[in-house]
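Commentary on secondary and tertiary structure
So you can see what is in the structure, the chains are spelled out below.
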Amino acid sequence: METLPDIGPFRHRLEELDAQMAAPSFYANPRTATEVSREHQKLSALVDDYKRYQRLARERSEAEALARDPQGDPGLRELAAAELPELDRQRETLFSSILRAMIPPEPTDSRNTVMEIRAGTGGEEAALFAAELTRMYQRYADEQGWKIQPMSSSPSERGGFKEIIFLITGTDVYRQLKFESGVQRVKRVPVTEANGRIHTSTVTVAVLPEAEEVDLHLDPQELEITVSRASGPGGQGVNTTDSAVQILHKPTGTIVFCADERSQIKNKAKAMTVLRSRLLKRKEDEERARYAAQRRNQIGSGDRSERIRTYHFLQNRVTDHRIGLTLYSLAQILEGKIEPIIAALQKADFEAKLAALTGKEYIPTRAPDADDES
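The residue numbers shown here count from 1 along each chain, following its written sequence. Confidence filtering applies because this is a predicted model: local features only for residues at pLDDT of at least 70, side-chain atom pairs given and counted only at 80 or more, and all residues used for totals across whole chains, interfaces and linings. Side-chain descriptors were evaluated using all non-hydrogen atoms of the structure, hydrogens and water having been removed beforehand.

Another point: the sheet that holds strand E2 (residues 147-155). For two strands to be treated as a pair, DSSP must find at least two bridges joining them. By the criteria applied, helices consist of DSSP H or I runs no shorter than four residues and strands consist of E runs no shorter than two, each listed in order from the N terminus. In spatial order, the strands read E2-E3-E1-E5-E4-E9-E10-E11; together these 8 strands make up an open sheet with mixed pairing. The open sheet has two edge strands with one neighbour each: E2 and strand E11 (325-327). Put simply, the sheet's adjacent strands are angled 15° from each other on average, direction ignored. Pairing analysis gives 8 bridges linking E2 to strand E3 (residues 161-169), with the strands arranged antiparallel. Bridging across to E3, Ser-152 finds its partner in Ile-165. Running over the sheet, helix H9 (residues 339-358) touches strand E9 (307-312), strand E10 (317-320) and E11 and is turned about 170° from E11. Angular values range over 0 to 180 degrees, each being the angle between N-to-C directions of two axes fitted as lines to C-alpha atoms, with helices fitted over their stretch in contact. In what follows, a contact means two residues having at least one pair of non-hydrogen atoms within 4.5 Å.

Below you can see the structure in the form of structure tokens.
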């Protein structure tokens, strides 16, 4: 069986947490105390499992030596040999459990999620598919028991979306959806196509962990907030009051616009939520990029320029190019049945992190580019 990574760094971290928890002011910040206590509990379990694994390794060595001892009692030799398969099974199970525990959790996995969907190349066809993807994710959210809160939208002429932003709240939302970031393509015959030709359009999906005020300090001097009259459906109240809010974050050039609510205060609150989430994602991407320099094949880097998935209507096919997964159930997937894709991406992410932990090279399966497919 392979050797486990060094437990030393985890023991050292556990000692640091012990010192923090022993400080008189430990419970002054309840949120920090909860996070430290949770990490302490996980590390304690990891160290205990590691000790148990070492004990099982010693027991197996002793049993194997006894079973092979030609001068030993035949009954004891037979008993020792019979114990070996069960000891191997326990060690194998514990080995996998320890490796999983050694992979650091993503601190944002439990967060709510801001999802931004934008039409890319393809004009109105891209906007229509943006609406279909929106419906797909919202149906999946409904099945998970999550809640959807609209943040901002820009409808197209034929009922699609040039852009739509919404907040999804619930348990482990970001952990489930974080690998959906990227450029998603659709290949089909548009309803506006008279000659039956297949068109390729793209939609950009961005998945952002909802940021809290404690995550980022936003200096009011770095924000340029402007209000304007909202346009579009909503009645006279929308068109005659300065309720639309635009916020510019000067250091990064990030701009957020929100006009869905009639209240300027509500629009500002929503815009600030989106801005914080974009800036938090930006910060995470910068940290992940530094880490990805050592692990080039990382899954879920959030790189929007990467074409991650193709929906081919004539072939009833959905292909995720990052992991070589192809499913011939397009209609069901667009109804929100995306769990097989999410599970496969999570598995690939775990294998990549496991490879990095054990010093191995991880090479994911790649699917051909959809432009090269029939």
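A separate point is unusual backbone geometry. Only a minority of non-glycine residues have a phi that is not negative, and only a minority of peptide bonds are not trans. Even without glycine at this site, Asp-172 takes up a positive phi of about 55°. If you trace the backbone, Asp-172 turns up in the loop between E3 and helix H5 (173-177). The backbone of Asn-316 sits at a positive phi, close to 55°, despite the residue not being glycine. On the secondary structure map, Asn-316 appears in the loop between E9 and E10. For the exposure calls, accessible area comes from a 1.4 Å probe over protein chains only, and a residue counts as buried if that area is under 20% of its type's maximum, exposed if over 50%, partly exposed in between. Look at Asn-316 and you get partly exposed, because its relative accessible area is 32%.

With that settled, the discussion passes to the packing of helix H2 (residues 30-68) against helix H3 (residues 74-102). A pair of packed helices is captured by two measures, namely the crossing angle of their axes and the spacing between those axes. With their axes 8 Å apart at the nearest point, H2 and H3 run at an angle of 155° to one another. Judged on the interaxial angle alone, H3 and H2 are roughly antiparallel. Here the hand of the crossing between H2 and H3 comes out left-handed. Throughout, the term roughly parallel applies to angles under 35 degrees, roughly antiparallel to angles over 145, roughly perpendicular to angles from 65 to 115, and oblique to all others. Should the near helix be turned anticlockwise from the far one by less than a right angle, the crossing is termed left-handed; should it be turned clockwise, right-handed.

The subject of this paragraph is helix H4 (residues 124-144). Take the number of residues in a helix, subtract one, and multiply by 1.5 Å to get its expected span. The first and last C-alpha atoms of H4 sit 31 Å apart over 21 residues, in line with the 30 Å expected at 1.5 Å per residue. At the C-terminal side of H4, Gly-145 shows a positive phi close to 80°.

Here the focus is the nonpolar core. To define a nonpolar core, start from buried Ala, Val, Leu, Ile, Met, Phe, Trp, Tyr and Cys residues and group those joined through side-chain atoms within 4.5 Å. By size, the foremost hydrophobic cluster in this structure holds 38 residues, and its most contacted members are Ile-117, Tyr-137, Leu-177 and Tyr-311. Going through the elements one at a time, strand E1 (113-119), H4, E3, H5, strand E5 (199-209), helix H8 (330-334) and H9 are the ones with two or more residues in this core. No other element matches H4, which puts 8 residues into this core. Setting aside anything within four residues of it in sequence, one finds Tyr-311 in contact with Phe-129, Leu-133, Met-136, Gln-184, Arg-185, Val-186, Lys-187, Arg-317, Val-318, Leu-330, Ile-333 and Leu-334. Counting residues in each nonpolar core, the second largest holds 24 residues, with Ala-33, Leu-46, Val-47 and Ile-98 among its members.

As a further point, take the pattern of salt bridges. What counts as a salt bridge is simple: a side-chain nitrogen of Lys or Arg found within 4 Å of a carboxyl oxygen of Asp or Glu. Here the structure, examined in full by the defined rule, presents 24 salt bridges. The salt bridge involving Lys-270 is made with Glu-261; its shortest N-O contact spans 2.8 Å. You can call Lys-270 buried: its relative accessible area is 9%. Residue Glu-351 is joined to Lys-347 by a salt bridge in which the shortest nitrogen-to-oxygen separation is 2.5 Å. Here Glu-351 and its partner Lys-347 are both found in helix H9, 4 residues apart, which amounts to about one turn of the helix. Here the residues in one salt-bridge network are Arg-60, Glu-64, Arg-68, Asp-88 and Arg-91, joined through shared partners.

Should the pLDDT be low somewhere, the predicted coordinates at that spot are not to be read in detail. Considering every residue of the protein chain, the mean pLDDT works out to 85; 87% of them sit at 70 or more. The quantity known as pLDDT measures the predictor's confidence residue by residue, on a range of 0 to 100. Put simply, helix H6 (residues 236-239) is where the protein chain has its lowest mean pLDDT, 45, and H8 is where it has its highest, 97. Predicted confidence is poor over residues 291-305, with pLDDT under 50, and the contacts of this stretch with residues over four places away or in other chains come to 34 contacts. Confidence drops under a pLDDT of 50 for residues 370-374, and excluding neighbours within four residues, the segment shows 13 contacts in the predicted structure.

Stacked, edge-to-face and tilted are the three classes for Phe, Tyr and Trp ring pairs, Trp counted by its six-membered ring, which pair at centre distances within 6.5 Å; planes under 30 degrees apart are stacked, over 60 edge-to-face, the rest tilted. Counting across every chain of the model gives 4 aromatic pairs. With centroids separated by 6.0 Å and ring planes inclined at 50°, the aromatic side chains of Tyr-53 and Phe-95 adopt a geometry described as tilted. A residue pair is termed long-range when its members are at least 10 positions apart, and Tyr-53 in helix H2 and Phe-95 in helix H3 qualify at 42 residues. The exposure classification of Tyr-53 matches that of Phe-95, with both residues buried. Arranged with centres 5.7 Å apart and planes meeting at 80°, the rings of Tyr-140 and Trp-146 form a pair that is edge-to-face. Tyr-140 sits in the buried class, given a relative accessible area of 1%. You can call Trp-146 buried: its relative accessible area is 8%. Positioned above the aromatic ring of Phe-350, the side-chain terminus of Arg-100 is 4.0 Å from the ring centre. The rule is short: NZ of Lys or CZ of Arg within 6 Å of the ring centre and within 35 degrees of the ring normal puts a charge over the ring. When the ring centre of Phe-313 is taken as reference, the NZ or CZ atom of Arg-188 above it lies at 4.7 Å.

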